[in-house]
Amino acid sequence: MPRIWKPSVTVAAIIEKDGKFLVIEEQTSDGIRINQPAGHLDPHESLEQAVIRETMEETAHDFTPTALVGMYMSRYTSNRTGEEVTYLRFTFCGVPGEKYDRPLDDGILRTMWLTRDELAACAERHRSPTVLQCVDEYLAGRRAPLELLQTHASVFLSAPDSSHG
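Note that the structure is a prediction, hence the values are computed from the model and not measured.

Caption draft 1: Representation of the overall build of the chain in the model. Looking only at helices and strands, the chain has three helices and seven strands in total. Along the chain, helices and strands appear, N-terminal first, in the series β-β-β-β-α-β-β-β-α-α. Relative to the compact-globule value of 15 Å for 165 residues, the chain shows a C-alpha radius of gyration of 17 Å, a close match. Counting only C-alpha atoms and orienting by the principal axes, one finds that the chain spans roughly 55 × 35 × 35 Å. For the chain, the proportion of its 165 residues judged to be buried stands at 42%. A sequence separation of at least 24 residues applies to 73% of the contacts in the chain between residues at least 6 apart. Within the chain, one finds 17 positive and 25 negative side-chain charges whose respective centroids are separated by 4 Å.

Caption draft 2: Here's a closer look at the packing of aromatic side chains. Here the structure, examined in full by the defined rule, presents two aromatic pairs. When the ring of Phe-21 is compared with that of Tyr-138, the centres are 5.8 Å apart and the planes differ by 85°; the resulting orientation is edge-to-face. Of this pair, Phe-21 sits in strand β2 (residues 20–28) while Tyr-138 is found in helix α3 (residues 130–139), placing the two residues 117 residues apart along the sequence. Tyr-138 matches Phe-21 in its accessibility class, with the two residues each being buried. When the centroid spacing of 6.5 Å and the interplanar angle of 50° are considered together, the rings of Tyr-76 and Tyr-87 count as tilted. Highlighted residues: Tyr-76 in strand β5 (residues 61–77) and Tyr-87 in strand β6 (residues 84–99), separated in sequence by eleven residues. Tyr-87 sits in the partly exposed class, given a relative accessible area of 22%. Geometry around Trp-113 places Lys-17 over its ring, the cationic atom sitting 5.6 Å from the centre.

Caption draft 3: Molecular detail of helix α1 (residues 47–59). The first and last C-alpha atoms of α1 sit 18 Å apart over 13 residues, in line with the 18 Å expected at 1.5 Å per residue. Here α1 lies mainly inside the structure; ten of its 13 residues are buried. Residues of α1 that are buried: Leu-47, Glu-48, Ala-50, Val-51, Arg-53, Glu-54, Thr-55, Met-56, Glu-58 and Thr-59. In this structure, the buried residues of α1 make contact with β1 (8–17), β2, β4 (38–40), β5, β6 and β7 (108–114). Once α1 ends, the next one or two residues include Ala-60, with phi positive near 65°.

Caption draft 4: Region of interest: unusual backbone geometry. You will see that His-44, though not glycine, has its phi angle at about 65°, which is positive. Looking at the element boundaries, His-44 is found in the loop between β4 and α1. By relative accessible area, which is 40% here, His-44 ends up partly exposed. Although it is not a glycine, Ala-60 sits at a positive phi angle of roughly 65°. Looking at where Ala-60 falls in the secondary structure, it is placed in the loop between α1 and β5. Relative accessible area serves as the criterion here: at 0%, Ala-60 is assigned to the buried category.

Caption draft 5: Just the pattern of salt bridges, in detail. Inspection of every chain in the model, using the stated rule, returns eleven salt bridges. A salt bridge links Arg-125 to Glu-25; its shortest N-O distance comes to 2.5 Å. In this pair, Arg-125 sits in the loop between α2 (116–121) and α3 while Glu-25 sits in strand β2, placing the two residues 100 residues apart along the sequence. Close ionic contact of Glu-57 with Arg-53 constitutes a salt bridge, the shortest N to O distance being 3.2 Å. Of this pair, Glu-57 and Arg-53 both sit in helix α1, four residues apart, roughly one helical turn. Among the ionic contacts, a cluster of salt bridges with common partners joins Asp-42, Glu-45, Arg-53, Glu-54 and Glu-57.

Conventions adopted
- Residues numbered from 1 in each chain as written.
- Predicted model: local features only at pLDDT ≥ 70, side-chain atom pairs only at ≥ 80, totals over all residues.
- Heavy atoms only, no water.
- Helix = DSSP H or I, 4+ residues; strand = E, 2+ residues; numbered from the N terminus.
- Rg over C-alpha atoms; globule rule 2.2 N^0.38 Å.
- Buried < 20%, exposed > 50% of the residue type's maximum accessible area, 1.4 Å probe, protein only.
- Contact = heavy atoms within 4.5 Å.
- Lys, Arg positive; Asp, Glu negative; His and termini not counted.
- Charge placed at Lys NZ, Arg CZ, Asp CG, Glu CD.
- Phe/Tyr/Trp six-rings, centres within 6.5 Å; stacked < 30°, edge-to-face > 60°.
- Lys NZ or Arg CZ within 6 Å of the ring centre and 35° of its normal.
- Expected span 1.5 Å × (residues − 1).
- Salt bridge = Lys/Arg side-chain N within 4 Å of Asp/Glu carboxyl O.

Structure follows, in structure tokens:
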């Protein structure tokens, strides 16, 4: 039976404060890159829960999503391995909360607050072609209500215990 193609679902947070955006600098297989706080959707969580968790893990900030800026699909080919991955990215905007004194995720080198122009000036270091696109669409006022995203209760249920055949 042929393998079924599936995109990798990710979430990202656009966090603006005083005209600057919270971004991370991270070590990747392609070198040091700049990205919004972002990561993969984990089992048993909603998209909103995922972006809150990823923001905390990568920036040590609370984050409250208020709207969906956009959904983006892009394909990435690793320079190192040649492997292709298609990403389906849900980008949220929202408000930052408290910053905690806690370690950041492995691979995260630091957080930075950059203006849109500062972010554009380092586009060759962006983790994804959607990094600046999301900021520009946020600045243009693109917002969709979170009510568009529905998570069925079945997502939150644990998988049946398969050890009892």
